[in-house]
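Coordinate analysis (summary)
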Amino acid sequence: MECTCSRIPQDLASYNKEQATGDDQHNILTIVMNQFGFTLDEALKWTADYHEEVEARFLDGMKRLPSFGPDVDPQLQQFIQAIAMWPRTNDCWNFESGRYFGSKGLEIQKTRIVPIMPKVVDNHRSLRRENVVVPLVDL
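Throughout this description, residue numbers start from 1 for each chain and increase along the sequence as written. Given that this is a predicted model, residues contribute local features only at a pLDDT of at least 70 and side-chain atom pairs are listed and counted only at 80 or more, while totals for whole chains, interfaces and linings are drawn from all residues. Hydrogens and waters are ignored; side-chain quantities use all the structure's heavy atoms.

This part is about the overall build of the protein. Numbered from the N terminus, helices here are DSSP runs of H or I no shorter than four residues, and strands are runs of E no shorter than two. Along the backbone of the protein there are 5 helices and 2 strands. What you see in the protein, going N to C, is helices and strands ordered as β-α-α-α-α-α-β. Looking at the 139 residues of the protein, the share that counts as buried comes to 27%. We call two residues in contact whenever any of their non-hydrogen atoms come within 4.5 Å of each other. Counting only contacts in the protein whose residues sit at least 6 apart along the sequence, the fraction spanning at least 24 positions is 55%. Total accessible area on the protein is roughly 9500 Å²; 57% of this is exposed by carbon and sulfur atoms. Only protein chains enter the accessibility calculation, which uses a 1.4 Å probe; a residue is then buried when its area is under 20% of its type maximum, exposed when over 50%, and partly exposed in between. The accessible surface values rely on the Shrake-Rupley method and a 1.4 Å probe; as for residues, cover is taken only from the protein chains in view.

And the structure:
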């Protein structure tokens, strides 16, 4: 099974690794699947649509910022610009760091196709050192 999406915010990028290790209960995809009874593909679509809606509201809000005077406006613009750039920098980090996609990050960044990793953790085992599995992310 593969998942595809046009934009991958943090939870979308981390989902594969988290679901494989059984640590996905706080991931937006898992929450959306549980709340709406969606499949992974449906949750990806819902999340991507919601992300686009929030992005459009943010960009619209940027256009409608009131003036607070010549002393404050340049500082406010700089602050808002930094907030606006954060999602893109986070997106780049997700793919370039190796944390979620190993050495295939740049390829996955282009295709947005992520092979789903198999689950590697049995939640019924103890957390003793010899029982902990730390999967490598190199897809």
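In summary, the pairing rule links any two rings of Phe, Tyr or Trp, Trp by its six-membered ring, whose centres are within 6.5 Å, and it sorts them by plane angle into stacked for under 30 degrees, edge-to-face for over 60 and tilted for everything else. Applying the stated criterion across every chain, the model contains 6 aromatic pairs. Through successive ring pairs, a cluster of aromatic residues spans F36, F38, W46 and Y50.

The next subject is the pattern of salt bridges. A carboxyl oxygen of Asp or Glu within 4 Å of a side-chain nitrogen of Lys or Arg is what we treat as a salt bridge. Evaluated as defined, the whole model comprises 5 salt bridges. One salt bridge in this structure joins D60 and R64, with 2.9 Å as the shortest N-O distance. On the basis of relative accessible area, D60 is assigned to the partly exposed category, the value being 35%. With a relative accessible area of 59%, R64 lands in the exposed category. R112 is the salt-bridge partner of D91, the closest N and O atoms lying 3.3 Å from each other. With D91 in helix α4 (residues 73-96) and R112 in the loop between α5 (105-111) and β2 (113-115), this pair connects stretches of sequence that are 21 residues apart. By the burial criterion, D91 is buried, and R112 matches it. A network of salt bridges, in which partner residues are shared, links R88, D91 and R112.

It is worth spelling out unusual backbone geometry at this point. Phi is positive for R112, which is not a glycine, with a value near 60 degrees. Judged by relative accessible area, R112 falls into the buried class, the value being 14%.

This next bit is on a nonpolar patch on the surface. Without a salt bridge and with relative accessible area above 30%, a residue can belong to a patch; like charges are then joined within 9 Å and nonpolar side chains (Val, Leu, Ile, Met, Phe, Trp, Tyr) within 5 Å. A cluster of nonpolar side chains, F58, L59, F79 and I83, forms an exposed patch at the surface whose accessible area comes to about 350 Å². When residues of the nonpolar patch are traced back to their parent elements, those giving at least two are α3 (40-63) and α4. Note on placement: L59 falls in helix α3.

So, on to the side chain of Q109. Summarising the element assignment, Q109 is placed in helix α5. With residues near it in sequence (within four places) discarded, Q109 still touches R88, D91, C92 and F95.

All right, on to the side chain of S14 then. With respect to the helices, strands and loops of the structure, S14 is situated in helix α1 (residues 10-21). S14 sits in the buried class, given a relative accessible area of 1%. Sequence-distant contacts of S14, defined by excluding residues within four places in its chain, comprise N27 and Y100.

By this rule the span expected of a helix is its residue count minus one, scaled by 1.5 Å. The end-to-end C-alpha distance of α4, which contains 24 residues, comes to 34 Å, matching closely the 34 Å that a straight helix rising 1.5 Å per residue would cover. When we look at burial in α4, the residues that qualify are L76, I80, N90, D91, C92, N94 and F95. Among the structural elements, α1, α3 and α5 are those in contact with the buried residues of α4. Positive backbone phi, approximately 85 degrees, marks G98, located one or two places after α4.

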